[in-house]
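# Descriptive structure summary
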Amino acid sequence: DAQKVSILLHAISDFEKMTDYTADLVFTAREKRDKDVHFSEKARQEITIMVNAVGEIIDLTISAFSNNDVKLANQVEPLEDVIDRLRNDLKNRHIKRMQEGRCSVDQGFVFTDYITALEKISDHCANVAAAIIELNDENYEIHNVMSHRKNRDEYKEMCVSFSKKYALPFSASAETE
């Protein structure tokens, strides 16, 4: 029916937006190379953790969409919440490095561009997952259901599991460069 077609078109649009953010990552990598910007080992570790989390959310989203798998789709939002927290933590750590003079403005812009594009990709993965769930549940209303789901034990357990999997290996206060 028309509603299902509309939901699928929105999901396809989200996939397209993911590719746009991927192109932004390529542009940022070129800018990093052209400006000879280098990150500290800690900053590289942080970005690697976030890249791995975003890689997993992309894999979950593609598998859920390809197989119309609601169980996989239900794992996307908790991981997206973890990626949001990672982005905030990484941004705060990088601001601290800049304030302490351990990082240049160019490094700051490039770092922020990376983590922002990665987080936006995860946002669109969550939209696709919500579309899969909506296609399989006629009574689904995204905002009401998502806020209600976040209070469930299963959702919280997935968040804890993903948080452990993508935990930063060092505290901000223990960081030295």
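Our subject is the structure that appears above.
The residue numbers shown here count from 1 along each chain, following its written sequence. Reporting in this predicted model follows two pLDDT cut-offs: at least 70 for local features of residues, and 80 or more for side-chain atom pairs to be given and counted; totals over whole chains, interfaces and linings ignore these cut-offs and use all residues. Values reported for side chains reflect all heavy atoms of the structure, with hydrogen atoms and water molecules removed beforehand.

With that out of the way, let us pick up a negative patch on the surface. Each patch is assembled from residues with relative accessible area greater than 30% and no salt bridge, linking like charges that lie within 9 Å and nonpolar side chains (Val, Leu, Ile, Met, Phe, Trp, Tyr) that lie within 5 Å. Working definition of accessibility: Shrake-Rupley area with a 1.4 Å probe, residue cover restricted to the visible protein chains. We define a salt bridge as a side-chain nitrogen of Lys or Arg found within 4 Å of a carboxyl oxygen belonging to Asp or Glu. We treat Lys and Arg as the positive residues and Asp and Glu as the negative residues; His and chain ends play no part in the count. Charge placement uses NZ in Lys and CZ in Arg. For Asp and Glu, CG and CD serve respectively. On the surface, a cluster of negative charge is contributed by Glu 16, Asp 20, Asp 24 and Asp 113. Segments assigned H or I by DSSP are reported as helices when at least four residues long, segments assigned E as strands when at least two residues long, and all are numbered from the N terminus. The element best represented in the negative patch is helix 1 (residues 2–34), accounting for three residues. In this scheme, a residue with accessible area under 20% of its type's maximum is buried, one over 50% is exposed, and one in between is partly exposed, where area comes from a 1.4 Å probe on protein chains only. The exposure class assigned to Asp 113 is partly exposed, which follows from its relative accessible area of 34%.

What follows concerns helix 2 (residues 41–67). Owing to its 3.6 residues per turn, the α-helix aligns residues three or four sequence positions apart on the same side. One fewer than the residue count of a helix, multiplied by 1.5 Å, yields its expected span. A rise of 1.5 Å per residue sets the reference length of helix 2, with its 27 residues, at 39 Å; its end C-alpha atoms lie 39 Å apart and thus fit the reference within 8%. The complete set of buried residues in helix 2 reads Ala 43, Glu 46, Ile 47, Ile 49, Met 50, Ala 53, Val 54, Glu 56, Ile 57, Leu 60, Thr 61 and Ala 64. Among the structural elements, helix 1, helix 3 (70–99), helix 4 (105–135) and helix 6 (153–165) are those in contact with the buried residues of helix 2. Looking at the residues trailing helix 2, positive phi occurs at Asn 68, about 50°. Working rule for contacts: check all heavy atoms of both residues, and any pair within 4.5 Å makes them a contact.

Moving on to helix 1. The end-to-end C-alpha separation of helix 1 is 48 Å, in line with the 48 Å expected for 33 residues at 1.5 Å each. Of the residues making up helix 1, those classed as buried are Ile 7, Ala 11, Asp 14, Met 18, Leu 25, Thr 28 and Glu 31. Two N or O atoms count as a polar contact when they lie within 3.5 Å, although within protein this holds only if one can serve as hydrogen donor and the other as acceptor, and sequence-adjacent residues are included solely when both atoms are side-chain atoms. A side-chain oxygen of the first residue of helix 1 lies 3.1 Å from the backbone nitrogen of Gln 3; this N-cap is Asp 1. Note on helix 1: the residue one or two positions beyond its end, Asp 36, has a positive phi of about 55°.

Looking now at unusual backbone geometry. At Asp 36, a residue that is not glycine, the phi angle is positive and equals roughly 55°. Within the fold, Asp 36 resides in the loop between helix 1 and helix 2. Positioned with a positive phi, Asn 68 is a non-glycine residue whose angle comes to about 50°. Structurally, Asn 68 can be placed in the loop between helix 2 and helix 3.

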